Each structure stands twice: as C-alpha cells, then as structure tokens.
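Commentary on secondary and tertiary structure
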Amino acid sequence: MSSLKTENLSVQFGAVKPVDDVSVEIAAGRLTSIIGPNGAGKTSFFNLLTGLYQPTRGKVFFDGQDVTRMPVHQKVRAGLTRTFQILNVFDTLTVEENIRAAVQRRHGRSAYLFCAPDRHGPVEDELSAVIERVRLQEKRKVRACDLSHGHRRHLEIGLSLATRPKTLLLDEPMSGLGMYESSVMGEFVRELAQELTVVLVEHHMSVVLSISDTILVLSQGRLLASGTPAEIQASPLVQAAYLGTGRYDLPQERAAHA
Amino acid sequence: MPTLAEVVSQLTNGVILGLILALVATGFTMVLSVMGVINFAHGLLFALGAYLALSLLKVVGYWPALIIAPLLVGLIGILLEQAFIRRLYGKDPLFVLLLTFGIAMMGEDLIQMIWGKLAFSIAAPDLAKGSIDLGFMIYSKYRLFMGGFALAAIFSVWLFLAKTPFGAMIRAGSHDSEMVGILGKNLPFIRALVFGLAAAMAALAGIIAAPLWSVRPQMGLDALLPAFLIVVIGGMGSFWGSVLGGLLVGITNSLAVMFVPRFSDLMMYVLAAAVLLYRPRGLLGTRSVLE
Amino acid sequence: MTRQTAPISALSRPTITFGLLLGMFVVLPAVLQALGISFSLGTEILIIALFAMSYNILLGTTGLASFGHAAFFGSGAYAVGIAQNYGIDGAATGLAVAFAAGLCAALLVGLLVMKKRGIYFGLLTLAFGQMFYIVALRWDGLTGGETGLTGLRRPAPFGLNLNDQLTFYYFILAIFMVALWVIWRITHSPFGSLLAAIKSNELRTQYLGYDTARYKLAAMAISGALSGLAGGLYAWFQYAAYPQNLFWIESGNIVILTLLGGGLSSFFGPILGAAVFVGAQDLISSYTEHWMFFFGLIFILVVTAFPNGLPEALARFASVLRRSSGSASEPASSAHVAPARGTAP
C-alpha cells in the first residue's frame, strides 16, 4: 500500500525547473529517504507534496486520494505534515505554547474566546506527552528563540507530531547537529518509523544508509534512481551524480565505514 | 441613453485618464517592488509637480516648466529617500509606510502654507488649445495631447527599463529579493535612482493632468488611491500590468460617469475587488517576493 | 481536572493593572479640573483608547498592520447617526448598531484581504478603507455628504443625563472597562494564543492544520466590531458623525498612537498612546491651524526615533541618565501602565 504517490510531478519558475516529471510511490509504514546534491529539488519536492507550491504539471495522491490542489491545512488534517530545513517554530512562544497551539486544534479549543488556554485537562495531558516524546520536559517554559539549535530541532518535530500525522516529511532534521546529536536523531527517526510513514531528506549519508528502508535519488529535479540502501550504493548512476559535486559524502565510501 | 458619439468620446476620455493614472502607478509599483516600500507620499509628489509647474510657468513658460518641474520633484524624491526612507530598509514595512504617511501630511500642509488652500487652474499651452474635428466627433486638443504625452512618457520609461544597464539592474531588483544582493554596492544608487525616477514620473503626470484637474492641496490623493487599486488590478511589480490596470480603471471610471454618475469613483473599487477575488495576484502578476 | 492552581502572582498581576487603571481614570476628571481642562478631553482619551485597544487585536496580537481602521470606527459613528435619523435612539440599541456596523464593515474588507499578509495587507486595507469615505461623501441622502450627520443626541440610559460632561465621562468609562476586560480575555484565550502563533509564524500555523485566513478574518471581525463600538461612542461624544472619522488620516493616527504607546509589545500600551496623542492633538490644534504639519512631524519622529514606543524610549533614556549621573535611582519605566504582554498568564 502506498502512502504518497506522485505522477509526472513538475514545477517551473521562469526558466528553472526545480522538480521535473517525478513519478514515485512511497510505501506506507516504511522509512523512505530522499538524497541528492544541493539544488536537486528535494525541498521543492516536499513543498509540492505538502501544498506550499502548486505544481505546474502532475498529480499528488495521499492514501489513494488526489490531493494535488488541496491547501496546506487540509493536507495536515488528512495526516500529512512536515518539518522544515530552515527551522520553523514559533520563536516568540514558549515550548509549551508552541505545542499547545498544535494540540488544541484537535480538541476543538481554538475557537474558545473566554477562557484561559492552559486550563483544559485533555490538552495539557497530550501536550505533556508530546513534550516528553521529544525530550524537552526541562524546557517547557523556555521561549523557542532561547533554545539551543538541537532543542529547536526537537521542538520542530514535536510540533509536527502534535498534529498526529500518518505521514511525516522530515526536511534535514540533522542539519546543524553534531555527530552525537545526529546519531541520536537518527535513532529517534527510526523509532518514529515504527508507528508512521516517514519521508526523510538528509545529507548525513551514513545515517541515511543505516536507517532507511528505501532511498530515492533526485538530481537536477529528476528522479535518478530508487531502491534499497544496498542497491543505491551499487548504482553507477548515483555514484556519477555524486562524483560530479564532490561536496557530499560518497555513498560507497561511507558504506565502507558503516 | 447617451448617443454613440458621447460613448466614444467618454471612452476616449477614459483611455486618456487611464494613461495618466498608469504613469503614476508604474512609478508607485517600481518603488514597491524594488524596495518593498508603499510610498504614501507618491501622491504628494504628483501634486508637487503641478504646483511647481504652476509657479515656474509664469517665469519660464509652459514647455520649460514641463521639463524643469519633474526634474526638481525627482530631486526631491531622491532627497526624501536619502534623508528618511533609507534609514528604514530592512525594518518592518509598517514603519516606512507610516513615515511616508507623515511626509504626505507635512507636504500637504506645506503646500497649503506656500500656495494657499484655494484651487488653481493651469491653462493649456497654446499648441493644444481648442478642439479638433476628428470627422466622427469633435474632441479637445488638450486631452489628445495629454494622452499622447503620457503614452510617450510610459514608453520612454519602458525603453529605459528594457534597454539600458540601469534598467536591467532595476528589473533584477524587482523580480527577486535574492538578486538585490547581487547588485551589491550598486544597490544604494539603484534605490535612489528608482525613487527619483518614480517621483519625476508622478510629477510629470501631475503637470499634464493639471489643466483638467484643478490644482489643489488634496489632489495627490485623487491620483494615489487609483494607483493603489491599479497595482492590485495589474499585479504587483508588473510594469505592463500597471499600464493595463490604469487603462481599465480609466475606462471603468469614464463609463461609470455616464451610467452611475454619483458613484463613479466607487466603480474602480468594485473592479479591484473582483480582480482580487478571482485573480489574487492581479491580471499580469506573478508570484511575488512580497507575499 | 485542572493540573494546578495558578500561582497567585500570575493571576493578580492583570487584576492589579486593571485596578490601577480604573483608579487613575476615576480620579482623572479631578486632575483635569485642577488643570482647568475640560472633562471632554478625558472622554475623548477613553474612546480613542478603546479604538486603539481594538485595533491592537490586529496589530499587536495577530501581527497584521491594518491601515484602514478608520473605516470601521467611522462606520460605527455613522450607524449611530443613521439609526437616530430613523428614530432608533436608546443606549443599548445604539451600542449594538455601532458594534454590528463595525463588524459588517470589517467582514467586507476582511473577505478581500484575509489571505494576504505584510505590506500587501497594509496596501489593501488602506485602499478599501478609503472606499468607505467615498461612500459617505457620495451617498448624501443617508450620510449627509460632506457635512456629515450633525445634531445627534446622546441617549439617556437609566434616566442619566449624559449631556452633563462628567456623567458622560463615567458612562464611557464603564463601557471602556468592560470592553477592556473583554479584549484582555480574548487576547489571553485559546483563540488569542492562536492569533499569537499566526503573528509569530503564519506558515507554521498552517502546517499545524489551521486555515489561518479564517482566524485572521475572525480577528478582523472582532477588532472591527469593537472599533465600531468606539466609533458609536464618538458619535455621541461629538453629537455628530463626520466623513473625517472615516478618513485615512484617522487610520494613520490610530496606528501611530498604538506604536507610540508601545502596543507592539504591551497589552495596555495603546491606552498610554491614546492619552499622549489625544493630549498633543488637543494642544496642537488649539495653537495652530497647521495641525497636519505637526502631525506629520509626529509620525516621522515616532518611526525614526522610538518605533518601539514611549515606555521603551523612556526606559532607555532613564538608563542613559542613570549611567551619566552614576546614581542607582529607580528605573523610570512606566511599568504600571504597560507591563510586557509576555508576563501575563
């Protein structure tokens, strides 16, 4: 069963085609990673999947339903959400307030005008569970802008989890993290994939190779290859694409260490 | 019911009014898209053009005034940019709009102090006095002159933007905020240039409109509000969008004068609202950095 | 089950501020009398402060800079006037009519602008706000055209004589305090916290599954309705509704005085802004007919010199003074008038 499916998905801005005729199926309940050099169109692909961009051509299906023209918020309600490469949290709000904004929607509380936001048991219980899940218990009352980079990454994932997604797209959750933090994040992502469909864009190749079920390779907006980590490492096409840039870990080289 | 000749003559009026408004609006949208600044003082510059010409033409005559006044207003525009607006780049756009609010208020009052509260009229130049028989209708020579002049001005600005290196830089800056970075050390110069050019265009429009519109302190607003709506209709940052929007507003207005005279100046709002609902980015607008 | 009882300090803080405000406004007429100033200045400050507080639901809480709020204020004023011309007089109905007019006007503009943000939101509210001014000028059968609606009457609720300036002041004060409490409650509700989320990051709010356009429209509707209410009170105050009440200058004034009071970061800030601005307005227009010149100057000064408002500017000034004098005197921030919004529960 596929969670997400695209058909000939393309977007064009002027003469630039960040995503060009991509048709893929992303299996439900698995961890699929998307790799490719910078500018390969990975983030644009996420933007198309979640409705931030409107495709010039092609379709997006989620759980078998055509969601191509569905606005962002409806996709999120249907169970498709994402995190952002450039951190995207509510900087001026505390950790608690961040998560509460996400949780209170499903409790129908966001239209309440005449009560305090933090006095509703079910919302508070769920909020505590999410905060524990992303290990921010100590930071509940800290404003997001005062958190460390790593904690902000956790908060960002917490915000997305609080919407109770069926499919979660993670856009470079390890960027800016150190080696140790990255491996912790890798484990966490693997853990998430036990319960929901995860699509991961990431440059940390060793982590990607060790945790993914399937890998898609994008290059210059097009789908270059797809397969298991072993298949991708063996693909001459992929090696050629990566050799061309030289800036990123070579899959093979990394695999030797893994 | 109006006769056919009346309709044609009104439509021509509309096109000419549209060209004048387009001249105001293209400058306004240039400033908006290159600097992200809503210049509420743009109307003041329009009025200033008319007032300066009013004083100048007594001394130097109509034609020199037509050249000198826009240059002066362009200079004033550059001064405003250098002295005030430049300080607020990169800050909340709310502040710069309020700043231009303040400039517009001070300017309008200064005009009242210098020239008084009463309305003046500027006589048409001898060349364009009287009317002309076009065969199917008799039409005011001055209006034709206005239309032709506005059209020539719009076309020159387009040539400047399309064919000169400065124009290329301005276009780069207005399409993409990242391109602004590439302009690098040229950026302050480009910003001053854009502001000066927009101010001169507004002033020129003010002068050629003056013989038909009375010259009064509040005349700026009569040109500024249509400019707002024209940007909404044509699409933010689009040069030809503003020209198209100007023509549409002008024609709408002239038709409304015939059929619903009392609410004629509301019709452009109806037009803008309709465009906003059905084409949120305007008729020729593309995805903008300002959204 | 609530998790815990709120800490006393968190609950009492706004209560204390409300108490202080009420106290100050109760004694204000005595101060005005001592200074030989008419009570009506106090009344005007209260009404404009209510307008500014309503406006700040959009600017301070939701982060939307509307430049057409005079349209909603003026709609309230005209609604009261028009209702009177159709024989609808009472205080409660007058308030209801003003509220409804502000609400409808805000919904109309809101439907056109709710998907926009930033500078484009400002441009559109400014343009469509001015539309109401044109309607008022042209539809003279209903609105009295350029002269407006004059000769309006103040109502007589509970047999009170509101033509007495002092009685009218306390009548307005009562409405002001109730409205202030309502705005405080809404700002500090689940709905209000969502508006704060939109202000902080609208895109992220959409990615939480919210149709942010609808929340922005709701915020506009509430803000517009309360602005309309303030406009209705103003019509009683000046016994008239004028086209100027709908004019762009009025829209600009409300933005600048909200900023002046520090409304971007403080809940009660707009009240301070209204007091200072209305006071200055009164002073300037009694000395010169060139008030527009000086108002323009105020605009330019505020945005270039203290865009974060008077409280912050005073605090900065005080710290400079302290440093230069070397003494450890008390900080002269107006914390009582404008506590930071973040500190309230």
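Residues numbered from 1 in each chain as written. Chains lettered and ligands numbered in written order. Predicted model: local features only at pLDDT ≥ 70, side-chain atom pairs only at ≥ 80, totals over all residues.

Some remarks on the overall build of chain A
- The helix and strand tally for chain A stands at ten helices and eleven strands.
- Seen through its principal axes, chain A has C-alpha atoms that stretch 60 × 40 × 35 Å.
- Within chain A, buried positions represent 48% of all 258 residues. (Helix = DSSP H or I, 4+ residues; strand = E, 2+ residues; numbered from the N terminus. Buried ≥ 20, exposed ≤ 12 C-beta atoms within 10 Å, placed from the backbone.)

Considering the overall build of chain C
- Within chain C, the secondary structure is distributed over 14 helices and two strands.
- Seen along its three principal axes, the alpha-carbon backbone of chain C occupies a region of about 65 × 55 × 45 Å.
- Residues classed as buried in chain C amount to 54% of the 345 residues present.
- Expressed as a percentage of contacts within chain C between residues at least 6 apart in sequence, the contacts between residues at least 24 apart total 77%. (Contact = placed C-beta atoms within 7 Å.)

Let's talk about helix α12 (residues 269–287) of chain C
- Taking 1.5 Å per residue, 19 residues should reach 27 Å; α12 of chain C reaches 28 Å between its end C-alpha atoms and fits that length.
- All buried positions along α12 of chain C are accounted for by G269, P270, I271, L272, G273, A274, A275, F277 and V278 of chain C. (Expected span 1.5 Å × (residues − 1).)

Side note on the nonpolar core
- Grouped together as the largest cluster of nonpolar side chains are 279 residues, with contacts concentrated most on I20, L23, V24, A203, A205 and L229 of chain B together with F299 of chain C.
- Of the residues that make up this core, three or more belong to each of domain 1 (1–79 + 166–258) and domain 2 (90–164) of chain A.
- If we skip the residues at most four places from it in the chain, I20 of chain B touches M146, A150, A205, I208 and A209 of chain B. (Core = buried A, V, L, I, M, F, W, Y, C linked by C-beta atoms within 7 Å. Domains from an automatic or database assignment.)

Concerning the interface of chain B and chain C
- Listed per partner, the contact involves 34 residues of chain B and 33 residues of chain C.
- For the side of chain B that touches chain C, the elements supplying multiple residues, two or more each, are α4 (93–115), α9 (219–234) and α11 (267–278) of chain B.
- In terms of residue count, the dominant contributor to the side of chain B that touches chain C is α4 of chain B (15 residues).
- Among the residues forming the side of chain B that touches chain C, the class breakdown is 26 nonpolar, two polar and six charged. (Nonpolar A, V, L, I, M, F, W, Y, C, P; charged D, E, K, R; others polar.)

What about the confidence of the model for chain C?
All names here are of chain C.
- Summary statistics for chain C give a mean pLDDT of 88 and a share of 91% for residues scoring 70 or more.
- Here residues 1–11 scores under 50 on pLDDT; set against residues more than four positions off or in separate chains, the count is eight contacts.
- Between residues 328–345, whose pLDDT stays under 50, and residues either more than four places distant or in other chains, the model counts 42 contacts. (pLDDT = per-residue confidence, 0-100.)

Some thoughts on the interface of chain C and chain A
- Each partner contributes to the interface: chain C provides 24 residues, whereas chain A provides 32 residues.
- Where the side of chain C that touches chain A is concerned, the elements lending two or more residues are α7 (165–187), α8 (190–200) and α9 (202–206) of chain C.
- Per-element accounting of the side of chain C that touches chain A gives the leading share, seven residues, to α8 of chain C.
- Here the side of chain C that touches chain A is composed, by residue class, of twelve nonpolar, eight polar and four charged.

Some details on the pairing of strand β11 (residues 222–227) of chain A
Residues and elements named next belong to chain A.
- Summarising the sheet, strand β10 (residues 214–219) and β11 pair through five bridges and their orientation is antiparallel. Bridge pairing links I215 to G227 in β11.
- The loop that links β10 with its antiparallel partner β11 comprises two residues; one of these, Q220, has a positive phi angle of about 45°. (Pairing = 2+ DSSP bridges.)

Observations concerning the confidence of the model for chain A
- On average, chain A scores 86 in pLDDT, and the residues at 70 or more come to 93%.
- In this model residues 245–258 of chain A is a low-confidence stretch, pLDDT under 50, and it forms 25 contacts with partners more than four residues away in sequence or in other chains.

Topic: the arrangement of the chains
- Inter-chain contacts occur across two pairs of chains; the most extensive set of contacts lies between chains B and C.
- Regarding chain A and chain B, which are not in contact, the minimum distance between any of their C-alpha atoms is 9 Å.

Thoughts on unusual backbone geometry
All names here are of chain A.
- Positive phi, close to 55°, is recorded for R164, a residue that is not glycine.
- Mapped onto the elements, R164 comes out in the loop between α5 (149–161) and β8 (167–171).
- Classification of R164 by C-beta neighbours within 10 Å gives partly exposed; the count is 17.
- Not every positive phi belongs to a glycine, and Q220 is a case in point at roughly 45°.
- Position of Q220 among the secondary structure elements: in the loop between β10 and β11.
- Assessed through the 15 C-beta atoms surrounding it within 10 Å, Q220 is described here as partly exposed.

Some remarks on the packing of α9 of chain B against helix α5 (residues 118–138) of chain C
- Put simply, α9 of chain B and α5 of chain C touch, their axes get as near as 10 Å, and they point 125° apart. Taken together, the axis directions place α9 of chain B and α5 of chain C in an arrangement best described as oblique. Both α9 of chain B and α5 of chain C take part in a crossing whose hand is left-handed. Judged by residue contacts, L225, F228, L229 and V232 of chain B of α9 of chain B engage L123, L124, L126, A127 and Q130 of chain C from α5 of chain C.
- Residues belonging to the contact of α9 of chain B with α5 of chain C are distributed by class as follows: eight nonpolar, one polar and no charged. (Axes fitted to C-alpha atoms, helices over the stretch in contact; angles between N-to-C directions. Parallel < 35°, antiparallel > 145°, perpendicular 65-115°, else oblique. Left-handed = near helix turned anticlockwise from the far one by under 90°.)

Overview of the domain arrangement of chain A
Residues and elements named next belong to chain A.
- What the domain assignment lists for chain A is domain 1 (1–79 + 166–258) and domain 2 (90–164).
- With centres defined by C-alpha atoms, the gap from domain 1 to domain 2 works out at 27 Å.
- On the domain 2 side, the residues contacting the six residues of domain 1 number six residues.
- In terms of residue class, the side of domain 1 that touches domain 2 is built from four nonpolar, one polar and one charged.

What to know about the packing of helix α11 (residues 248–260) of chain C against helix α13 (residues 291–305) of chain C
Residue and element names in this part refer to chain C.
- Orientation of α11 relative to α13, taken along the N-to-C sense of each, is 40°, at an axis distance of 10 Å. Considering their axes alone, α11 and α13 lie oblique with respect to each other. Crossing geometry of α11 relative to α13 is assigned as left-handed. Residues G252, I256, L259 and L260 of α11 form the contact with α13, whose participating residues are I298, F299 and V302.
- Among the residues forming the contact of α11 with α13, the class breakdown is six nonpolar, one polar and no charged.

Some thoughts on helix α3 (residues 70–85) of chain C
- Spanning 16 residues, α3 of chain C covers 22 Å between terminal C-alpha atoms, matching the ideal 22 Å at 1.5 Å per step.
- Immediately beyond the C-terminal end of α3 of chain C, within one or two residues, lies G87 of chain C, with a positive phi of roughly 85°.

Observations concerning the environment of W184 of chain C
Residue and element names in this part refer to chain C.
- Locating W184 in the fold gives a position in helix α7.
- Classification of W184 by C-beta neighbours within 10 Å gives partly exposed; the count is 18.
- Placed 131 residues apart in sequence, W184 and M53 show a C-alpha to C-alpha distance of 9.4 Å.
- Those residues within four positions of W184 in sequence are excluded, and the remaining contacts are P14 and F267.

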